[in-house]
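Close look at the chain arrangement
One letter stands for each residue in the lines below.
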Amino acid sequence: MRIRLVATTAVAAGALTALSAVPAQAAEYDSALKIRGIQYDAPGSDSNRCSGGNTAAEYLTIKNYSRSTTVNLKGYVVKDAAGNRFTFTASHTLQPGDYVKLRGGNGADSDSKNVVYRDNCNFIWNNDEDTIYVYKPSGSRADVHSYTKRGSDADGNGYITYHG
């Protein structure tokens, strides 16, 4: 009996160790809407000028991974670790499998082109590391991912894919 108890305790301890080693951003949330990828470092030299800058080349792709549920983005919030935030204030509907690119800078939002502009010429994502949060209108978390340029971007192109 004693040998079984020791072995069972060791297995349980190993399972707890394995569970505690999983990073917080790896948690799956009950949401059809998830971060597909991020262009966190716009190509070229960063310039946040509203005219001639490249903030529009920095974007976050959010996708509706549901097979049957349509999602209206109105009220969803995207934030970074520093508290910079964007709230979808207008209706923007994503059919199952559809996506939207949330771009920096100014531009015309378009359902047909799958783009929404932040109407802010400042960069939101850090080039070295950051955390991306997506919140539902209810305030519950839809998705979260952290990245580091060195650890997450193997090819160094400034783009990271999370959910394919």
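In case you missed it, the structure is sitting above this.
Because the structure is predicted, anything quoted here is derived from the model rather than measured.

Reading the values: the criteria
- Residues numbered from 1 in each chain as written.
- Predicted model: local features only at pLDDT ≥ 70, side-chain atom pairs only at ≥ 80, totals over all residues.
- Heavy atoms only, no water.
- Disulfide = S-S within 2.5 Å.
- Helix = DSSP H or I, 4+ residues; strand = E, 2+ residues; numbered from the N terminus.
- Buried < 20%, exposed > 50% of the residue type's maximum accessible area, 1.4 Å probe, protein only.
- Pairing = 2+ DSSP bridges.
- Axes fitted to C-alpha atoms, helices over the stretch in contact; angles between N-to-C directions.

The next subject is the state of the cysteines. Scanning the entire structure with this criterion turns up one disulfide. What pairs with Cys50 in a disulfide is Cys121, and their sulfur atoms sit 2.1 Å apart. Every disulfide takes its handedness from the sign of the S-S torsion; for Cys50 and Cys121 that torsion is 120°, giving right-handed. A residue pair is termed long-range when its members are at least 10 positions apart, and Cys50 in the loop between β1 (33-39) and β2 (59-64) and Cys121 in the loop between β8 (115-117) and β9 (129-135) qualify at 71 residues. Cys50 gets classed as exposed once you look at its relative accessible area, which sits at 58%. A relative accessible area of 6% places Cys121 in the buried class.

Strands sit in the order β5-β4-β9-β10 across an open sheet of four strands; the sheet is antiparallel. Every other strand in the sheet has two partners, leaving β5 (85-87) and β10 (141-148) as the edge strands with one partner each. Adjacent strand axes in the sheet meet at a mean angle of 10°, parallel and antiparallel pairs treated alike. Where β9 lies against β10, seven bridges are found, and the strand directions are antiparallel. By the bridge assignment, Asp130 is partnered in β10 with Tyr147.

Shape is all these values report; function is a separate question.
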